[in-house]
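# Structure at a glance
The residues making up each chain are set out below.
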Amino acid sequence: SPRWERYRVLSERVRLRLLALAAEEELAIGELADLLGESQPNVSRHTAPLKAVGLVTIRREGTRAFVRLAREASSDRVVADALESGKELVRADGSLARVTDVVREREASGREFFARPVNAEIAPGPGDAVQAYVATLSALLPSRALAVDVGTGDGALLDVLAPAFDTVVAIDRSQARLEVAGKRVSARGYTNVELYAGEVDDASVTGRVGEKADVVFAARILHHAPKPAEMIEKLARFCRPPTNDGPGGALLVLDYVAHDDESMRAEADVWLGFEPRELVEFATRAGLVGAKVAKVPAPFRGRGKDSHLTWQVLVARRGSAKNPGGPARELPETSAPEGRTHRTRRPS
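Residues numbered from 1 in each chain as written. Predicted model: local features only at pLDDT ≥ 70, side-chain atom pairs only at ≥ 80, totals over all residues. Heavy atoms only, no water.

### Side note on the sheet that holds strand β3 (residues 64–69)
Our working rule: For two strands to pair, DSSP has to find at least two bridges joining them. What counts as a helix is a DSSP run of H or I of at least four residues, what counts as a strand is a run of E of at least two, and both are numbered from the N terminus.
Across the sheet, which stays open at both edges, the 3 strands sit in the order β1-β3-β2 with antiparallel pairing between neighbours. Taken across any chain shown, the strands that pair with only one partner, and hence form the sheet edges, are β1 (27–28) and β2 (56–61). Sheet topology note: the β1/β3 ladder contains 2 bridges and is antiparallel. Bridged to Ala 28 within β3 is Phe 66.

### So, the packing of aromatic side chains
Put simply, the rule reads: Two rings from Phe, Tyr or Trp (for Trp, the six-membered ring) form a pair when their centres sit within 6.5 Å of each other. Planes less than 30 degrees apart are called stacked, planes more than 60 degrees apart edge-to-face, and all others tilted. In this scheme, a residue with accessible area under 20% of its type's maximum is buried, one over 50% is exposed, and one in between is partly exposed, where area comes from a 1.4 Å probe on protein chains only. Distance and angle both matter: a charge sits over a ring if NZ of Lys or CZ of Arg is within 6 Å of the ring centre and within 35 degrees of the ring normal.
Scanning the entire structure with this criterion turns up 4 aromatic pairs. Here the aromatic rings of Tyr 256 and Trp 311 are separated by 6.3 Å at their centres, their planes lie at 50 degrees, and the arrangement is tilted. Highlighted residues: Tyr 256 in strand β8 (residues 250–256) and Trp 311 in strand β10 (residues 311–318), separated in sequence by 55 residues. Judged on exposure class, the residue Tyr 256 and its partner Trp 311 are both buried. A centroid spacing of 6.1 Å and a plane angle of 80 degrees characterise the contact between Phe 274 and Phe 282, whose relative ring orientation is edge-to-face. In terms of burial, Phe 274 and Phe 282 fall into one category: buried. Lying over the aromatic face of Phe 66, Arg 59 brings its terminal NZ or CZ to 5.0 Å of the ring centre.

### Examining the side chain of His 224
Applicable threshold: What qualifies as a polar contact is a pair of N or O atoms within 3.5 Å, subject to a donor-acceptor requirement within protein and to the restriction that residues adjacent in sequence count only when both atoms come from side chains.
In this fold, His 224 is placed in the loop between β7 (215–219) and α12 (228–236). Looking at His 224, its side chain comes within polar contact range of the side chain of His 223, at 3.2 Å.

### Structural notes on the pairing of strand β6 (residues 193–197)
Put simply, the test is: Convention used here: a crossover is right-handed provided that the path from the first strand, over the helix, to the second strand proceeds clockwise when the strands point away from the viewer.
Pairing between strand β5 (residues 167–172) and β6: 5 bridges, direction parallel. Bridged to Val 168 within β6 is Val 193. As a crossover connection, the stretch from β5 through helix α10 (residues 175–188) into β6 is right-handed.

### Points about the nonpolar core
Within soluble globular proteins, side chains that are nonpolar tend to cluster in buried spots. Using the following cut-off: For our purposes a nonpolar core is just a set of buried Ala, Val, Leu, Ile, Met, Phe, Trp, Tyr and Cys residues, chained together by side-chain atoms within 4.5 Å. The contact criterion used is simple: two residues touch if any of their non-hydrogen atoms lie within 4.5 Å.
Judged by nonpolar contacts, the single largest core of 38 residues is most densely connected at Val 148, Val 216 and Phe 238. Among the elements that make up this core, the one with the highest residue count is α12 (5 residues). Sequence-distant contacts of Val 216, that is, excluding residues within four places in its chain, are made with Val 148, Val 150, Leu 235, Phe 238, Cys 239, Ala 250, Leu 251 and Leu 252. Formed by 35 residues, the second largest nonpolar core is a distinct cluster that contains Ala 22, Ile 29, Ala 33 and Val 43.

### Some remarks on the pattern of salt bridges
What counts is decided by this rule: Think of a salt bridge as a Lys or Arg side-chain nitrogen and an Asp or Glu carboxyl oxygen that are within 4 Å of each other.
Tallying each qualifying case throughout the model produces 27 salt bridges. Across the pair Glu 211 and Arg 318 runs a salt bridge, and its minimum N-O distance is 3.2 Å. Here Glu 211 is found in the loop between α11 (203–209) and β7, whereas its partner Arg 318 is found in strand β10, with 107 residues between them in sequence. A residue is classified by how much of its surface remains accessible, and Glu 211, at 43% relative accessible area, is partly exposed.

### Re unusual backbone geometry
Here the phi dihedral of Arg 220 falls at roughly 55 degrees; this positive angle occurs in a residue that is not glycine. Along the chain, the position of Arg 220 falls in the loop between β7 and α12. Overall, the relative accessible area of 4% leaves Arg 220 in the buried class. Although it is not a glycine, Ala 268 adopts a positive phi angle of roughly 70 degrees. Tracing the backbone shows Ala 268 in the loop between β8 and α13 (276–285).

Shown next as structure tokens:
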């Protein structure tokens, strides 16, 4: 569209406010409707001309559409001036201050879902000599002093991590699921597992882990995070920096490939998976290097409600100040050991 078209499009008060909010955070049409006090159809009607002149982009995810300021839009002096005017309006009406609350509301259903009591019986062990095999293979790991299990849930991943690492710090914000994980720890007799209730940026957690983790696992939790990129950044800070003797700590994120199964919203899923390139972008932005994405083979996806989805694993390492990021690759399907089943949350 001709540049002068932007003057016409930006002459509408609702669009100025919408543009300012979209510059603050990528927001769904429904979230914008709530903040603007408008109906969703009206918000869509005002979004269309903004998109037509290249001021916003729209990303579709399942049945939802997310709006954000186009990357280069604010470099235009006309748009920059409109943004300032829009910000004055949303500051004055209080909608700008509510953006954080609206984003936090994305995980409200998840908090309620994971706070429900859990009735689960923990078997004495996984059977046969699986843990002995894991302990034997762990001798091949170059560094195995500390592993962090973020969102440990019922502690299923602890059956792999506890035999392999000297110490495992398991974190979860759901007290109900941490109690189940605690039962697992007791039943297995793990003495090297520490359970922490809370968020990954709580002082008790960051104080314990610091930047000392050899490996940080985040198994099927990213799709519950209101801000996935920000979550990756927080997890990356747990990884130890590289030294002259070896590479930095690794982050392994197990999650779904982007899908359209809206029924997963009932499982408190905020996002319907991620494209591999999105995971790569998150990792690179967080200062991780050598990011790789591989699909998890179907037989390794268990028999849960999400077994029909395609799973993928992101592997990346903490970079140095001189090498904060690196090229990422999407790998072919492989038998990655991260393909174990269970949503993570942790014990107390």
